[in-house]
Amino acid sequence: MSKSSSLSSKRWLKRHIRDKYVRLSYEKDVRSRAYFKLDQIHNAIRLFKKGIKIVDLGASPGSWSEYASKKIGRLGHIIACDILPMIPIKNVSFFQGDIRDLNFFNCLLSYLNNIKIDLVMSDIAPNMSGFHCIDHYRSIRLNKLVLKISEKILSHNGKLLIKSFYGNQFNVLIKKIKNIFIKIKIFKPDASRINSREVYIVASERRI
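Rules and cut-offs
Residues numbered from 1 in each chain as written. Predicted model: local features only at pLDDT ≥ 70, side-chain atom pairs only at ≥ 80, totals over all residues. Heavy atoms only, no water. Phe/Tyr/Trp six-rings, centres within 6.5 Å; stacked < 30°, edge-to-face > 60°. Helix = DSSP H or I, 4+ residues; strand = E, 2+ residues; numbered from the N terminus. Buried < 20%, exposed > 50% of the residue type's maximum accessible area, 1.4 Å probe, protein only. Pairing = 2+ DSSP bridges. Axes fitted to C-alpha atoms, helices over the stretch in contact; angles between N-to-C directions. Contact = heavy atoms within 4.5 Å. pLDDT = per-residue confidence, 0-100. Core = buried A, V, L, I, M, F, W, Y, C linked by side-chain atoms within 4.5 Å.

A. Representation of the packing of aromatic side chains in the model. Across all of its chains, the model carries 7 aromatic pairs by this definition. Ring geometry for Tyr35 versus Tyr67: centroids 5.1 Å apart, planes at 85 degrees, classification edge-to-face. Of this pair, Tyr35 sits in helix α3 (residues 34–45) while Tyr67 sits in helix α4 (residues 63–72), and the two are 32 residues apart along the sequence. As far as the burial class goes, Tyr35 and Tyr67 line up, both buried. Residues Phe95 and Tyr111 carry aromatic rings whose centres are separated by 4.8 Å and whose planes lie at 65 degrees to one another, so their mutual orientation is edge-to-face. With Phe95 in strand β3 (residues 92–96) and Tyr111 in helix α5 (residues 102–112), this pair connects stretches of sequence that are 16 residues apart. Overall, Phe95 belongs to the partly exposed group, its relative accessible area being 26%. Assessed through its relative accessible area of 40%, Tyr111 is described here as partly exposed. Every member of this aromatic cluster is reached through a ring pair, and the members are Tyr21, Tyr35, Phe36, Phe48 and Tyr67.

Take a look at the structure:
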């Protein structure tokens, strides 16, 4: 590692340790600060109801599934997917694999067995290169894939929650979402870092 990269890593680590929501995640014994982002989004829009069925894409380490499981109760169920492994969570069925892999996606569809989902949520982000232009395009490609998946598995009244990043393709993504859903809301939770371009999109009321 170069000297400049080492200094950059040390600065990031200092900011990370000092972060309010990182400290809170340890105090509350939750898996990551993402738990609080979802809590803030839910408090604004009431995403979760008892007994609903959820697909959580890009789930590991499991903060969103952890939070959602508490909200939907024992009659609800979550199907979580990620390339990385995830420590088990009560009321969550986890599948390790890449949603870009057609075989893996077909296995997921087979497991669902035509059961329609009430909420698709995705906190997926690409492996960051450090170059915004590259990372933005990679993120938008993943967003479009999540959108296609949601079209196949969401119920008519189902909702989509998706993480994206501002950039020159963001409006293109919003237009694609508007082709499928009537209502769209964009959130920047307090738990998101101030200097981050990430935003969360909630889409509902599918077009017929």
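B. Region of the structure containing the sheet that holds strand β2 (residues 77–82). One open sheet holds the 7 strands; their spatial order is β3-β2-β1-β4-β5-β7-β6, and the pairing between them is mixed. Two strands in the sheet have a free side with no partner beyond their single neighbour: β3 and β6 (181–187). Neighbour to neighbour, the strand axes of the sheet diverge by 15 degrees on average, direction disregarded. Sheet analysis places β2 next to β3, joined by 5 bridges and oriented parallel. Bridge pairing links Ala80 to Phe94 in β3. Strands β1 (53–57), β2, β3, β4 (117–122), β5 (154–165) and β7 (198–206) of the sheet are contacted by α4, whose axis makes an angle of about 175 degrees with β2. Sheet contacts for helix α6 (residues 132–153): β1, β4, β5, β6 and β7; angle to β5, the most-contacted strand, approximately 170 degrees.

C. Region of the structure containing the confidence of the model for the chain. The predicted model of the chain has a mean per-residue pLDDT of 90, with 91% of residues at 70 or higher. Note on residues 1–13: pLDDT under 50 across the span, and 2 contacts to partners over four residues away in sequence or across chains.

D. How the structure looks around the nonpolar core. Membership of the largest hydrophobic core comes to 30 residues, with the highest contact counts inside it found for Leu57, Ile117, Val120, Val146, Leu160 and Phe181. Counting residues per element, the ones that place at least two in this core are β1, β2, α5, β4, α6, β5, α7 (170–178) and β7. The element contributing the most residues to this core is α6, with 6 residues. If near-sequence neighbours (up to four positions away) are discounted, Val146 is found in contact with Leu57, Ile99, Val120, Ser122, Ile124, Leu160 and Ile162. Grouped together as the second largest cluster of nonpolar side chains are 29 residues, Ala34, Phe48, Met86 and Ala191 included.

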